[in-house]
Amino acid sequence: MIIPLALRADQTQEYYFSVKLVEVRRLQAAGHDVINLGIGNPDLMPSANTIDALINSAQQPNAHGYQPYKGTPGLRQGIANFYQHTYGVTLNPETEILPLIGSKEGITHISMTFLNDGDGVLVPELGYPAYRAVSRMVSANVVDYPLLEHAGWQPDWEAMAELVAASPASNPTKIIWLNYPHMPTGAPATSALFERAVKFAHDNHVLLCHDNPYSLILNKKAPISLLSLDGAKDVAIELNSLSKSHNMAGWRIGWMAGSKPYVDAVLTIKSNVDSGQFRPLMDAAAEALTNSDDWHRERNEVYKGRMDALHAFLDALGCTYSLDQEGLFIWAKLPDSVSSAEALVDDLLYNKHVFIAPGFIFGPKGDRYVRVSLCVPEERVLEAVKRI
Ligand SMILES: Cc1ncc(COP(=O)(O)O)c(C=O)c1O
């Protein structure tokens, strides 16, 4: 008999992909050539300079010990330069940046820093599943806020105000998770949306936690940081990451940006959990952050070609989709003839050996949708089209 688990472990479901990819691997082990259009795991290489910096740094004798809890000064300066160049946002590299082992872990540190048992946290429905899962793990009161499809998958701010007002004074709503360009719908970030969000946070005394990993992927306008808005630093923090924009998902390099009191508070929690990152990763990340605008443009050219092929794939399935999507995925609606996303996903996986993500893993509203990823070479997508 095993020792009973904590309620937290009993109540938390294993991440969908962690389970489903076991099925994919089982099929592969049985000799099937599975085309995985499910997950956003960039297959393209980081820039050559990034790899060189990794190798050079690893050869230094001082590269192998523990590093500062808040990352190397070189990485923090690199992030500050990147924010200035990319978003026109000035960050103090000493006090306003905290490197993270990927932005996903930041969700946990932030939640542990700000949420008491029962405190309210508003998570987007639809959205990245970790906001909800982590909020539950810290025993917060998770409240879904709807995104309106007819309004370009943006929040309904009147409904949000009611949700905040409904929290008891003893357990107020403390955090709103926000993510634009939005995953999974591909809805772009706009200044008007961010202005509204910052005003809402001031009016309602809540912390906006903006998750911004997709701002450079297939963006149609200049990328935006929430921190570029007037008054944002008082009420907002931003997560960002090299995973998607720099083809470095497995490196586990992200960061949080925000004003000193917020960064200090999160560092207090984080410094008790991990002991920083491997120095060569940080040195190479600082180099990656200097990738030229052309490097980003070329990566997006590759994704554009893939997007066209994926449109053909979705057309063949009878799915419909918006052409205005940004980020690493295409979000598509099922035709009426398909009984459910799960049925389609399993039919494609077991009969055509093509894996796509069902929309319901991002919230109940995703029930009649699927998500396909741009992280597969064009010829493989065309092969998937052929199979169906
Ligand atoms: C919206 C969103 N936030 C965060 C992450 C996690 O990124 P990272 O690799 O930096 O932990 C993902 C990854 O899929 C994502 O889609």
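Keep in mind the model is a prediction, meaning the values are calculated, not measured.

Definitions and cut-offs
Residues numbered from 1 in each chain as written. Predicted model: local features only at pLDDT ≥ 70, side-chain atom pairs only at ≥ 80, totals over all residues. Heavy atoms only, no water. Axes fitted to C-alpha atoms, helices over the stretch in contact; angles between N-to-C directions. Helix = DSSP H or I, 4+ residues; strand = E, 2+ residues; numbered from the N terminus. Parallel < 35°, antiparallel > 145°, perpendicular 65-115°, else oblique. Left-handed = near helix turned anticlockwise from the far one by under 90°. Contact = heavy atoms within 4.5 Å. Nonpolar A, V, L, I, M, F, W, Y, C, P; charged D, E, K, R; others polar. Buried < 20%, exposed > 50% of the residue type's maximum accessible area, 1.4 Å probe, protein only. Pairing = 2+ DSSP bridges. Near = heavy atom within 4 Å. Polar contact = N/O pair within 3.5 Å; in protein donor to acceptor, adjacent residues only side chain to side chain. Areas by Shrake-Rupley, 256 points an atom, 1.4 Å probe, with all protein chains shown as cover. 1 Å grid on protein atoms, 1.4 Å probe; cavity = no way out; pocket = protein on both sides within 12 Å on 5 of 7 lines; lining within 4 Å. Points joined across faces, edges and corners; volume = space filled by probe spheres on them. UniProt positions renumbered as here; feature names shortened; annotations may be inferred.

Contact geometry for helix α7 (residues 157-165) and helix α8 (residues 191-204): axes closest at 12 Å, N-to-C directions at 20 degrees. Here α7 lies roughly parallel to α8, going by the angle between them. As for how α7 packs across α8, the hand of that crossing is right-handed. When α7 is examined against α8, the residues Trp157, Glu158, Met160, Ala161 and Val164 are found in contact with a partner set consisting of Leu193, Arg196, Ala197, Phe200 and Asn204. Of the residues contributing to the contact of α7 with α8, the split by class is 7 nonpolar, 1 polar and 2 charged.

Here the focus is the pairing of strand β8 (residues 236-241). Burial within β8 is extensive, with 6 of its 6 residues counted as buried. Residues Ala236, Glu238 and Asn240 point to one face of β8 and Ile237, Leu239 and Ser241 to the other, with burial holding for every one of them. As paired elements, strand β7 (residues 207-211) and β8 share 4 bridges and run parallel to each other. Among the inter-strand pairings, leucine 208 is bridged to a residue of β8, identified as alanine 236. Pairing of β8 with strand β9 (residues 254-257), which is carried by 4 bridges, proceeds in the antiparallel orientation. When the bridges of β9 are listed, asparagine 240 appears paired with tryptophan 255.

The environment of the ligand is made up of 14 residues, and the closest members are Asp211, Tyr214, Ser241, Ser243 and Arg252. At 2.6 Å, a side-chain N or O of serine 243 approaches an oxygen atom of the ligand. A distance of 2.9 Å separates an oxygen atom of the ligand from a polar atom in the side chain of lysine 244. Here the ligand loses 92% of its free accessible area of 390 Å² to cover by the protein chains. A breakdown of the residues in the shell around the ligand according to their chemical character gives 5 nonpolar, 5 polar and 4 charged.

Below, the discussion takes up the packing of helix α5 (residues 103-114) against helix α6 (residues 129-137). At a minimum axis separation of 10 Å, α5 and α6 run at an interaxial angle of 35 degrees. You can see that α5 and α6 cross each other, and the crossing is right-handed. Of α6, the residues touching α5 (which contributes Lys104, Ile107, Thr108 and Ser111) are Ala130, Tyr131 and Val134. Residue classes in the contact of α5 with α6 are distributed as 4 nonpolar, 2 polar and 1 charged.

A word on empty space enclosed by the protein. This model, assessed by the stated rule, comprises 1 cavity of 30 Å³ or more. The computed volume of the largest cavity comes to approximately 40 Å³. Lining of the largest cavity is provided by Pro181, His182, Met183, Pro184, Gly186, Tyr214, Glu326, Gly327, Leu328 and Phe329. Its residues placed into classes, the lining of the largest cavity shows 6 nonpolar, 3 polar and 1 charged.

To continue, consider the UniProt feature "domain: Aminotransferase class I/classII large" (unreviewed entry) in the chain. UniProt annotation of "domain: Aminotransferase class I/classII large" (unreviewed entry) refers to residues 33-388 when read in the numbering used here. Each end of residues 33-388 is marked by a C-alpha atom, and these two atoms are 14 Å apart; helix forms 40% of the span and strand 17%.

Time to look at helix α11 (residues 279-288). For α11, a buried count of 7 out of 10 residues is recorded, marking the element as mostly surrounded by other parts of the structure. Among the residues of α11, Pro280, Leu281, Met282, Ala284, Ala285, Ala286 and Ala288 are the ones counted as buried. Where α11 is buried, its residues meet α3 (48-58) and α4 (73-87).

A word on the sheet that holds strand β13 (residues 357-358). Strands sit in the order β10-β11-β14-β13 across an open sheet of 4 strands; the sheet is antiparallel. The strands lining the two open edges of the sheet, one partner per strand, are β10 (320-321) and β13. In this sheet, strand β14 (residues 369-373) lies alongside β13 in antiparallel orientation, the contact comprising 2 bridges. Paired with proline 358 across the bridge in β14 is valine 370.

Next up on the list: the environment of threonine 72. As for its placement among the helices and strands, threonine 72 is situated in the loop between α3 and α4. Here the alpha-carbon distance between threonine 72 and alanine 159, two residues 87 residues apart in the chain, equals 43 Å. Every residue in contact with threonine 72, bar those within four places of it in the chain, is listed here: Gln67, Arg279 and Met282.

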